[in-house]
Amino acid sequence: MMTQDDDKRAAADAAVGEVQRDMLVGLGSGSTVRFAIEALGRRVADGLRVTAVATSIDSAERAAALGIVVRDFAEVARVDLTIDGADEIDDRLWAIKGAGGAMLREKIVAAASTRMVVIADASKRVAAIGAARLPIEVLPFARAYAVDRLAMVDATVTVRNGVTDNGNIVLDARFAAFPDARWLAEALDATPGVLGHGLFLDEVDATYVADRGVVTRLERVDLNG
């Protein structure tokens, strides 16, 4: 019987199949991406020559331990292919990301990428995003202000314990009725002290979703005709 981990592994293996020799690969964060790092590590052990950047310290350490050369993203302007996970993704390829707290780095790496693919098991595929908590990375100095601004749009906000790899805090917002996603993204982007958020509306080029061992790929180009 297929497990959720089996599906994560299947989606990861399919996405890693896109990696070609001499690519600079962006590695996302989270439990599903760990399977992608393992798959890429196996290909590197078999002789594939690639380098990588990682969106979290955890992913960087996992990749390096498998023999993948990990570069400092601060020295990188462009990435060929990024593979990442999602907390929710719908058929428009709109996603909510950031359960692990790495959404700011993930969005920066995605913006630098020629192509970004999301890997997921079937539980992450939804009709429309908005049920998952929306993570928001905030400068600690702006905590109370950001919480108040979110309350004004009927969000229930909790502050996570700890800090991100960037030394900032994460607010998790839930909405009784999820607002228009583009309006919300623009409002968050315009809020001083908000450094990043988990709405990925234009970054994802394709998704690989595995359901009981069957992997389905959906391309943005197909959606746009």
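About the cut-offs
Residues numbered from 1 in each chain as written. Predicted model: local features only at pLDDT ≥ 70, side-chain atom pairs only at ≥ 80, totals over all residues. Heavy atoms only, no water. Helix = DSSP H or I, 4+ residues; strand = E, 2+ residues; numbered from the N terminus. Buried < 20%, exposed > 50% of the residue type's maximum accessible area, 1.4 Å probe, protein only. Salt bridge = Lys/Arg side-chain N within 4 Å of Asp/Glu carboxyl O.

Colleague: Tell me what's going on with unusual backbone geometry, and back it up with residues and numbers.
Modeller: The phi dihedral of D154 is positive, around 65°, even though this residue is not glycine. Of note, D154 is situated in the loop between α5 (143-151) and β9 (155-159). Of the residues examined, D154 reaches a relative accessible area of 62% and is grouped as exposed. Unlike most non-glycine residues, R212 shows phi in positive territory, near 55°. When you line up the elements, R212 lands in the loop between β13 (206-211) and β14 (214-219). R212 sits in the exposed class, given a relative accessible area of 65%.

Colleague: I'd like to hear about the pattern of salt bridges, residue by residue, with values.
Modeller: Inspection of every chain in the model, using the stated rule, returns 17 salt bridges. Here R49 and D22 are joined by a salt bridge, their closest N and O atoms 2.6 Å apart. Here R49 is found in the loop between α2 (31-45) and β2 (51-54), whereas its partner D22 is found in the loop between α1 (4-16) and β1 (24-27), with 27 residues between them in sequence. One salt bridge in this structure joins D58 and R62, with 2.9 Å as the shortest N-O distance. With D58 and R62 both in helix α3 (residues 57-65), this residue pair falls 4 residues apart, about one helical turn. On the accessibility criterion, R62 (35% relative accessible area) is partly exposed.

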